[in-house]
Amino acid sequence: MSSVKFTIGLRLITLLDGASSEQAADLFIEAVRVASRLIPTKPILIIIDGLDETDRKHLRSIVVILAQLFDSLPDCPNVKVFISGRTDNDIQTPFAEPILGTICVRNLHLDTDHLSSIGDVTMYLRRHLAQIVLDHNLDWNEWPGNQGFDLLDKHASGLFIWAATAVKFFRQQIEDWGRERLIFLLSDLNSKGMVDINTSYGFIILTTYKNQISDTRESQWAYATFRRLVGAIVVLYEPLSLNDLSKILDLRQTPSSPAVDVIQFIKRLRTVLVAGAGIIRGQTIPRLHKSFFEFITSDRVEAQFRVDVNSSLRTWDPTPFSAFPGQINHLHIQNSFGIPICL
């Protein structure tokens, strides 16, 4: 399902780059109609997750296309479309009356304060922490313990991204440092990283870099490496693998120094830079959640870790692109979240 969703997303953007919105809508809607007629007795489910994370350049056009698709649903009774996203104006307006509220379209607002949302997040948190306990031969009564779990659940407060980030952080830390650190991490996260998701992001970054650096020169290089690598991920329009990022950036403290180990860097920060729990290797493609992008480019993060989008763009050196003959024709200079950039 994820590969199909990814392909559809890329295809829509490609069509919009080279065709009018009307032409792109016709092609997309006709593809759905053809699929519906080919297998009329079986249900077809189209899932579009995180619509608000679409490139701002194309977001409104894509939403208009999807709104037109809803007009065609009566002709495709076996097709159902599920779309999730924030309530941005560019998303809400095309779905406004008379489309919303019709027999074909239902608008469901997921309130994180609603008991059903809180219950879903509680279930997710309990299941994944129980899996960590099982995987590492822990005792639930010792870690996280019912009281510790209740505190985590209270801090999550129905917010899935908070719970998911906490779970990934615990799993990463126990794999890196062993079981003895979990008790301290649980206490620290409950006391220092409990306010909101931004506080949690800051806690994770500071914990990762705590006691890692000995002198000023090394610390400045470590912070610069963070800004360069994360900044590159932020400004790249198309995602690149870690191998490709390493070749393009070719980060070195001095001209004669060995290149930064990009894979090891990403492993240390996988909680916020990599989706899922798979093995990190050269082919891994780092991805930022929109909330982390907004955090890392704002004044809510410590200055030494703050990513300046314009500065990240200006630090690109075109020389390493010769390592990709025939593969990279040009580099988009707009970040994947569509934030305006001044050069």
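Quick caveat: nothing in here was measured; it's all calculated off a predicted structure.

A.B. asks: Any chance you could explain the overall build of the protein chain here in plain terms?
C.D. replies: From N to C terminus, the protein chain includes 15 helices and two strands. Per-residue burial for the protein chain yields a buried fraction of 43% across its 343 residues. Contacts in the protein chain between residues far apart in sequence, at least 24 positions, make up 70% of those at least 6 positions apart. For the protein chain, the accessible surface area stands at approximately 19,100 Å², while carbon and sulfur atoms represent 54% of it.

A.B. asks: How should the nonpolar core be read in this particular structure?
C.D. replies: The nonpolar side chains of a soluble globular protein tend to be buried, and buried together. Counting 65 residues, the largest nonpolar core has L129, F170, L273 and I296 as its most contacted members. Setting aside its immediate chain neighbours within four residues, L129 contacts W140, W143, P144, F149, L152, V167 and F170. In this structure, I46, I48, L51 and F95 belong to the second largest nonpolar core, which totals 22 residues.

A.B. asks: Which parts of the structure should I look at to understand the packing of aromatic side chains?
C.D. replies: Note on aromatic pairs: each is described by the distance of the centres and the angle between the planes. The full count for this structure, using the stated rule, is 13 aromatic pairs. Judged by centre distance (5.2 Å) and plane angle (55°), the rings of Y209 and F305 are tilted. Of this pair, Y209 sits in helix α9 (residues 197–209) while F305 sits in the loop between α14 (290–296) and α15 (309–314); the two residues are 96 residues apart in sequence, bridging distant segments of the chain. Comparing Y209 with F305, the two get one shared label, buried. An aromatic cluster is built from Y209, Y223, F226, F265 and F305, whose rings are joined through pairwise contacts. The positively charged end of R126 is found above the aromatic ring belonging to F149, 4.2 Å away from the centroid. Directly above the ring of Y209 sits R268, whose terminal nitrogen or CZ lies 4.9 Å from the centroid.

A.B. asks: Please explain α9 as it appears in this structure.
C.D. replies: At 3.6 residues per turn, the α-helix brings residues three or four places apart onto the same side. The terminal C-alpha atoms of α9 lie 19 Å apart, and with 13 residues this matches the ideal 18 Å at 1.5 Å per residue to within 8%. Counting buried residues in α9 gives eleven out of 13 residues, a clear majority hidden from the surface.

A.B. asks: In this structure, what is going on with the confidence of the model for the protein chain? I would like to understand it.
C.D. replies: Low-confidence regions, as indicated by low pLDDT, have predicted coordinates that should not be scrutinised in detail. The pLDDT averaged across the protein chain works out to 77; a share of 78% of its residues lies at or above 70. Averaged pLDDT values over the elements of the protein chain bottom out at 38 in helix α1 (residues 2–18) and peak at 92 in helix α12 (residues 262–268). A low-confidence stretch, residues 317–343 (pLDDT under 50), is modelled with 52 contacts involving residues beyond four sequence positions or located in other chains.

A.B. asks: I'm lost on the pattern of salt bridges in this one. Help?
C.D. replies: Any two side chains of opposite charge can pair, given that their charged atoms come close. Enumeration according to the criterion identifies four salt bridges in this entry. Measuring nitrogen to oxygen at the nearest pair gives 3.9 Å for the salt bridge that ties E30 to R37. Taking the relative accessible area as the measure of exposure, E30 reaches 34% and is therefore partly exposed. Overall, the relative accessible area of 57% leaves R37 in the exposed class.

A.B. asks: Would you explain a nonpolar patch on the surface in this entry?
C.D. replies: Taken together, the side chains of V34, L38 and I39 present a nonpolar region at the surface, about 270 Å² in accessible area. Position of V34 relative to the elements: it lies in helix α2 (residues 21–38).

A.B. asks: I'm lost on the side chain of R171 in this one. Help?
C.D. replies: For R171, the location among the structural elements is in helix α7 (residues 160–177). Of the residues examined, R171 reaches a relative accessible area of 18% and is grouped as buried. At 3.3 Å, the side chain of R171 and the side chain of D135 are in polar contact. When sequence neighbours within four positions are dropped, the list of residues in contact with R171 reads H128, Q131, I132 and D135.

A.B. asks: How should I be thinking about helix α6 (residues 145–156) in this particular structure?
C.D. replies: Across its twelve residues, α6 extends 16 Å between first and last C-alpha, which sits within 8% of the 16 Å expected from 1.5 Å per residue. Buried residues of α6: G145, G148, F149, L152, D153, H155 and A156, and no others. Relative to the axis of α6, the buried residues are bounded by an arc of 160° and lie together on one face. Away from its buried face, by an angle of more than 90 degrees, α6 presents the exposed residues Q147 and K154. S157 lies just past α6 and shows a positive phi near 50°.

A.B. asks: When you look at the environment of S187 in this model, what are you seeing that I'm missing?
C.D. replies: Mapped onto the elements of the fold, S187 is located in helix α8 (residues 182–192). Overall, the relative accessible area of 45% leaves S187 in the partly exposed class. Each C-alpha atom of the pair S187 and P144 lies 9.7 Å from the other, and the pair is 43 residues apart in sequence.

A.B. asks: Where do I start with the pairing of strand β1 (residues 44–48) in this structure?
C.D. replies: When a strand is regular, its side chains alternate between the sheet's two faces. Only one face of β1 is buried: it carries I44, I46 and I48, and the other face, with L45 and I47, is open. For β1 and strand β2 (residues 79–83), the ladder comprises five bridges, and the chain directions are parallel. When the bridges of β2 are listed, I44 appears paired with V79.

A.B. asks: Explain the packing of helix α5 (residues 115–135) against α7 here, please?
C.D. replies: Relative placement of two packed helices is described by the angle separating their axes and the distance separating the axes. α7 packs onto α5 with a crossing angle of 5° between their chain directions and a minimal axis gap of 10 Å. Judged by the angle between their axes, α5 and α7 are roughly parallel. On α7, the residues touching V121, Y124, L125, H128, L129, Q131, I132 and D135 of α5 are F160, A163, A164, V167, F170 and R171. Each residue belonging to the contact of α5 with α7 can be placed in one class, and the counts come to ten nonpolar, two polar and two charged.

Rules of the game
Residues numbered from 1 in each chain as written. Predicted model: local features only at pLDDT ≥ 70, side-chain atom pairs only at ≥ 80, totals over all residues. Heavy atoms only, no water. Helix = DSSP H or I, 4+ residues; strand = E, 2+ residues; numbered from the N terminus. Buried < 20%, exposed > 50% of the residue type's maximum accessible area, 1.4 Å probe, protein only. Contact = heavy atoms within 4.5 Å. Areas by Shrake-Rupley, 256 points an atom, 1.4 Å probe, with all protein chains shown as cover. Core = buried A, V, L, I, M, F, W, Y, C linked by side-chain atoms within 4.5 Å. Phe/Tyr/Trp six-rings, centres within 6.5 Å; stacked < 30°, edge-to-face > 60°. Lys NZ or Arg CZ within 6 Å of the ring centre and 35° of its normal. Expected span 1.5 Å × (residues − 1). pLDDT = per-residue confidence, 0-100. Salt bridge = Lys/Arg side-chain N within 4 Å of Asp/Glu carboxyl O. Patch = residues over 30% accessible without salt bridge, like charges linked within 9 Å, V, L, I, M, F, W, Y side chains within 5 Å. Polar contact = N/O pair within 3.5 Å; in protein donor to acceptor, adjacent residues only side chain to side chain. Arc of directions from axis to C-beta. Pairing = 2+ DSSP bridges. Axes fitted to C-alpha atoms, helices over the stretch in contact; angles between N-to-C directions. Parallel < 35°, antiparallel > 145°, perpendicular 65-115°, else oblique. Nonpolar A, V, L, I, M, F, W, Y, C, P; charged D, E, K, R; others polar.

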